[in-house]
Amino acid sequence: MSDTFDPLIDQLPSRFVVGIDLGTTNSAVTWIDTEEHNWKINILSIPQLVAAGEIESLDTLPSFHFQPPRTGQDEAASLKMGWDKKNPKYCVGAYARDETAKTSGRGIASAKSWLCHAAVDRSSELLPWHGADDVQRLSPVEVSSRYLKHIRKAWDQQFPNDPLADQDIVLTLPASFDEIARELTIQAAAHAGLKRVVLIEEPQAAFYAWVYQQGDDWESRVSIGQKILVCDIGGGTTDFTLIRVRKSNESHSNDSETDRTESNDKLQFHRVAVGNHLILGGDNLDLAIAKYLEQKLNQGKPLESYQLDVLIGISRNLKEQMLANHQETSATVSLPGRGAKLLGSSLKAEVTSSEIQKLILGGFLPEVSIADRPQRHASGFQEFGLPYASDPAITKYLAEFLVTHATAGQESHSETPTNEEVRPDVVLFNGGFFASPVLRQTTIERIRSWFAESDADWSPNILDNDRLDLAVARGAAYYGMVRRNEGVRIAASLARSYYISLGGQPEQVICLLPGNAEAGQTFELDRTFQLTISQPVEFSIYVSSTRLADAAGELMPVDPEQMKTLPPIRTALRAKSRNEKRDIPVRLRVGLTEIGTIDLSCHEVDSDRSWKLQFDVRSATQTDLESHQGLGETEGFVDETTWQSCEQAIADVFGEANNAPPKSLVKQLTEITGMDRYEWPMSLLRRIWAALMDHQEGRRKSAAHESRWLNLLGFSLRPGYGLALDDWRVTETWRHVNGKLAFGTPAIRNESLILWRRLAGGLTRGQQTSIADPLLAALRSLSRKLQGLKIKNTTVLMRPEESVEVWRLLGSLEWLSPNTKHEIGSLIVSLKDKPKLSSARDAMIWSLGRLGQRAPIYGPLNSVMNAQVTEEWINSIIAIDEAPPSYQLAVVQMSRVTNDRYRDLDSSFRDRVVRWLERQSAQPRWVELVQEYGTFDAEEQGKLVGESLPQGLRLE
């Protein structure tokens, strides 16, 4: 029995069933009028901008988003961007694709790939990844939603009496999408006003499209016992799926009763395995071609970032042209040179189709053996933000998939599968990758070669879809009819097993949801957990697409080779009374919903209370790090006797009936622990935070009490992350402190600024913005006053000496928008030499270094400031003949090498910085960081943050 909510249940079936392929490169829409007796699948023609002021209807909507330069409202309006003539700020579709290929920093592509990027906050505004300063940043969810909004408007224009929001919609996604990506896809549809949505995996949809295309003849093309490989490679992902053909009355343990009774009389399809998620597809081919052309165009030297952006667009078109057939063709590639308004400054190179085919076939479809496996190393495309597959060789991943799942769906399993078990009988190709006959034929040859030794004449039976760009959308619509008990159904189990960690050494997990689970099934673990009311809890979750035989409730050690971690699942078990803090026994219940997502909840034993558990999508922000290298959980704990003495010391100061002086509290704690406060482990620091929060009313005893409370609270929670549940701790701190100071003295306000600087890494974008706005307003007024300009009589002025911690705090807020950072940096550059701000100058330079840093300390990589702006800021410092080490470090922070051309400054400019540093007798290591890639040591990281970090915490 399932407790989940299906948006299509309890609603009358709509007249139309709509299939939407929300693709990485192209999106497509199909529909069925269910009132037609002999229904058929139709294509929705989508009107879209194809040139400035020109709208045309096309079968597909290119999945590109473009924002034009704001050179004037009249000009922007004349473009007639999108559908809303009153809001010409962006467009999606063909024109957006073409402009993205010609313009740097204004277009968004591959938003779908970002939806499944596990190392970023996928709900945050981070696209375009290397966007221009004046471009509005959008989350992958919002970009996807805008594509769906465009589709909705196209539909509603053609079917005004049957709006899309009222229709049953089947939305496609890669089979390997993780649970967060699935949830966010549903969220994007909801933002677009589409609520009646179910999900289907793209390889299944492609197979449904083939079944539909065959009509009543589909049974003659396959036979019982065959294994079908669906090889789906699109613009952004590679997806492998296995489907077995069985007798309709053949009983399997993972078949539901519905499958056995409602299936076709002769045979039935069962999806039995899906591959791991791979961001590997047409986009990777484009990047590989662009890198190759870069070497030819610029004599082996790296191009400027804006040139590479344009070259990638050229490469996309070149790929389609030169992989179309085996005939030799050639083309001239022309690219604007640096400062290229001068005649003859463009870069040119000739390229032939044989060069491109050799590059692509050798890199992506190389000849390998069935025993070869992908290399596990970092992708060579780190600068583009996405976690591309470590090895581009698609054939290696395919070989691994076939061997790993050779016996999937069989009753018997052998450790060493035979050739016959590994070999697929039938292959169905899908995705834009296989629009190229060259790539298609080469893939077939590679598969044949693996089994030629045992059967030289063997070749897989190939199933064809006539329109690869529409197949997935067609299959989605067909599945909508299957849900209404029409058509041929694929019985699809989850094909991924989920596990929850129980901790321990070695770490143990228990199977939460087995791979043979099907939609509508619910499982409850036969294990009781003790959880504390009104405190957050965190569950570590693992997923495996290879361990499909594990049963729900089965206990086992973590297998890092076969299990991958997901963002944790977190909740706070809220009770009616906030003061209710006690352990309660609970059971975990998990189900696979009808719409294709996981529903996990926590139920109190012998009670009707329950809490829904959700994945934490803000678990990471950087793309070049899987997670911050924090050792907080493993660095040790103080013994309970010591902690009880610490807890009593805090209660003596802030407790209701105690009056110990706050001034000596830190000294007392160091004596109790026998450690300097900078040596306190994170486990102790967080317990101090909890004790302070328990006695927060004690801060109201006096200004001295509040000052000490704020100071120690921030110190114990710095840097706002690094230990499990720190996000909850920061949220609680914000709720109880922000705007709720008991004493409004300058010293207290200063301590609150220090508190938020210390916790900046744990604050959300909205929280950081709400802190920065009033401070920035005060600094604007201060700037006007220092420049002798008029200010409003009602303006609250900030004294120059009060600005020290304001500058430091603003520099710490890495989630601020590029425009806001630019304004803060410009204020620093214009004011730093003012005599009245001499006491704040060091803080201003420190802040400038943080604002212009090439490698964020905790923020996303797309938060890095524009290189040209940063060079202007650096110029204002290196004009100083004798600069102290703190100024030198700020310059190094802004000019260090990251090996990412979008972040790195021009090499000639860095040479100037090196000469300046050498004149300052700077540390040789700092000079090296500007010349070649390296990292800051722990002491330097402390200086960058503003104070020493907790023991064991590394930021890079």
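Quick look at the structure, then. (Residues numbered from 1 in each chain as written. Predicted model: local features only at pLDDT ≥ 70, side-chain atom pairs only at ≥ 80, totals over all residues. Heavy atoms only, no water.)

1. Some thoughts on the overall build of the chain
Along the chain, the regular secondary structure elements total 29 helices and 31 strands. By residue count, 57% of the 956 residues in the chain fall in the buried class. Restricting to contacts in the chain with at least 6 residues of sequence separation, those with at least 24 account for 71%. For the chain, the accessible surface area stands at approximately 39800 Å², while carbon and sulfur atoms represent 47% of it. (Helix = DSSP H or I, 4+ residues; strand = E, 2+ residues; numbered from the N terminus. Buried < 20%, exposed > 50% of the residue type's maximum accessible area, 1.4 Å probe, protein only. Contact = heavy atoms within 4.5 Å. Areas by Shrake-Rupley, 256 points an atom, 1.4 Å probe, with all protein chains shown as cover.)

2. So, the sheet that holds strand 12 (residues 227-233)
Here six strands make up an open sheet; going across it, the order is 18-17-12-13-14-19 and the pairing mixed. In the strand order of this sheet, the two ends are held by strand 18 (461-463) and strand 19 (490-492), each with one partner. Taking the axes of each pair of neighbouring strands and ignoring which way they run, one obtains an average angle of 30° across the sheet. As paired elements, strand 13 (residues 238-247) and strand 14 (residues 267-274) share seven bridges and run antiparallel to each other. Within strand 14, the position partnered with Ile243 by the bridge is Arg271. (Pairing = 2+ DSSP bridges. Axes fitted to C-alpha atoms, helices over the stretch in contact; angles between N-to-C directions.)

3. Details of the sheet that holds strand 7 (residues 64-66)
Here we have three strands laid out as an open sheet, ordered 8-7-9, and antiparallel in their pairing. A strand with exactly one partner marks an edge of an open sheet, and here the two such strands are strand 8 (91-92) and strand 9 (107-109). Those strands touched by helix 4 (residues 140-158) are strand 7, strand 8 and strand 9, and its axis lies near 100° from that of strand 7.

4. Some points on the pairing of strand 20 (residues 497-503)
Within strand 20, five of the seven residues are buried, which leaves the element mostly enclosed by the surrounding structure. The sheet contact formed by strand 20 and strand 24 (residues 536-544) spans four bridges and is antiparallel. Its bridge partner lying in strand 24, Tyr498 is registered against Val543. Sheet topology places strand 20 next to strand 21 (residues 508-513); five bridges connect them, and they run antiparallel.

5. Some words on the packing of helix 21 (residues 765-786) against helix 23 (residues 818-831)
Helix packing for two helices is described by the angle between their axes and how far apart those axes are. Across the interface, helix 21 lies against helix 23 with an axial gap of 11 Å and an inter-helix angle of 30°. Taken together, the axes of helix 21 and helix 23 are roughly parallel relative to one another. Relative to helix 23, the crossing made by helix 21 is left-handed. Listed contacts from helix 23 to Leu776, Leu779, Arg780, Ser783 and Leu786 of helix 21 are Thr820, Glu823, Ile824, Leu827 and Leu831. (Parallel < 35°, antiparallel > 145°, perpendicular 65-115°, else oblique. Left-handed = near helix turned anticlockwise from the far one by under 90°.)

6. Quick word on the packing of helix 18 (residues 703-717) against helix 20 (residues 746-758)
Here helix 18 crosses helix 20 at 10°, and the two axes come no closer than 8 Å. If you check the angle between helix 18 and helix 20, you find them roughly parallel. Contacts from Ala703, Glu706, Ser707, Leu710, Asn711, Leu713, Gly714 and Phe715 in helix 18 reach Ile748, Glu751, Ser752, Leu755 and Arg758 in helix 20. Residues that form the contact of helix 18 with helix 20 fall into these classes: six nonpolar, four polar and three charged. (Nonpolar A, V, L, I, M, F, W, Y, C, P; charged D, E, K, R; others polar.)

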